[in-house]
Amino acid sequence: DMKGGLAAMMIALRTFKRHFQPSTDVYFLASTREETGECPASKELVKSLPVRYCIVGEPTNLQLEITNKGLYFFRLVSTGKSAHLSVPQRGVNAIDNLVYAIDALRDTYFKQRTEGQSLFILCNIKGGTEGIPDYAEALYNRRTVKGDSFANDRRNIERALEKLKASVPNLALRVEHHAGYEKE
């Protein structure tokens, strides 16, 4: 989604280097799959560089924005028991249970925030078979602002799910915490 932005940044960097003599090194780093946290080489490279400032080429309506967000992913996994559609009472529908969990998290914790505030975004849902599904998952993307705490998020997510498990029979859920970074 950033082909135009990357081209513009490369041209801007080339123009900058032609017309200015920076007093320090200037680096250009591009990565793939940053939205899913799958860029470990980029993370290691950035750790090794003496970087004081960074320009991120995301759309801002040509307004300079100063932010300090973190990024974190977690997967909510629901397991059930598969069964033939002719005897659904023999199964436990993992998708139904995932929907309960998604609703509980949205209603109690993931209210959509406005610009400049933390965000929880449901990005992807997978699951289903030709019968009663025994597996379903939802991938969440957490965008944070300064002062947020992933540890606090984890506790709140676990509390909301424990409360839901007490009220829904046969609810089997787990949270898989994935890659991310957090800025102080």
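Quick summary incoming for the structure in this document. (Residues numbered from 1 in each chain as written. Predicted model: local features only at pLDDT ≥ 70, side-chain atom pairs only at ≥ 80, totals over all residues. Heavy atoms only, no water.)

1. A word on helix α4 (residues 150-167)
So the rule is basically this: The numbering of helices and of strands both runs from the N terminus, where a helix is a DSSP run of H or I of at least 4 residues and a strand a run of E of at least 2. Expected helix span is computed as 1.5 Å times (number of residues minus one). Any residue under 20% of the maximum accessible area for its type is buried, any over 50% is exposed, and the rest in between are partly exposed; the area is computed with a 1.4 Å probe on protein chains only. Starting at the helix axis, one direction is taken to each C-beta atom, and the arc is that of these directions.
Here α4 is 18 residues long and its end C-alpha atoms lie 26 Å apart, about the 26 Å a rise of 1.5 Å per residue gives. By the burial criterion, the buried members of α4 are F150, D153, N156, I157, A160, L161 and L164. Buried residues in α4, looked at end-on, bunch into an arc of 125°, giving them a common side. Exposed residues on α4 whose side chains face more than 90 degrees from its buried face are R159, K163 and A166.

2. Side note on the packing of aromatic side chains
Keep this limit in mind: Pairing of aromatic rings covers Phe, Tyr and Trp, the last through its six-membered ring, and needs centres within 6.5 Å; plane angles under 30 degrees mean stacked, over 60 mean edge-to-face, and all others mean tilted.
Taken as a whole and judged by the stated rule, the model has 3 aromatic pairs. Taken together, a centroid distance of 4.9 Å and an interplanar angle of 10° make the contact between F74 and Y140 stacked. Of the two residues, F74 is situated in strand β1 (residues 71-79) and Y140 in strand β3 (residues 135-143); the sequence distance between them amounts to 66 residues. Assessed through its relative accessible area of 0%, F74 is described here as buried. Y140 sits in the buried class, given a relative accessible area of 3%. Three or more aromatic residues joined by ring pairs form one cluster here, namely Y72, F74 and Y140.

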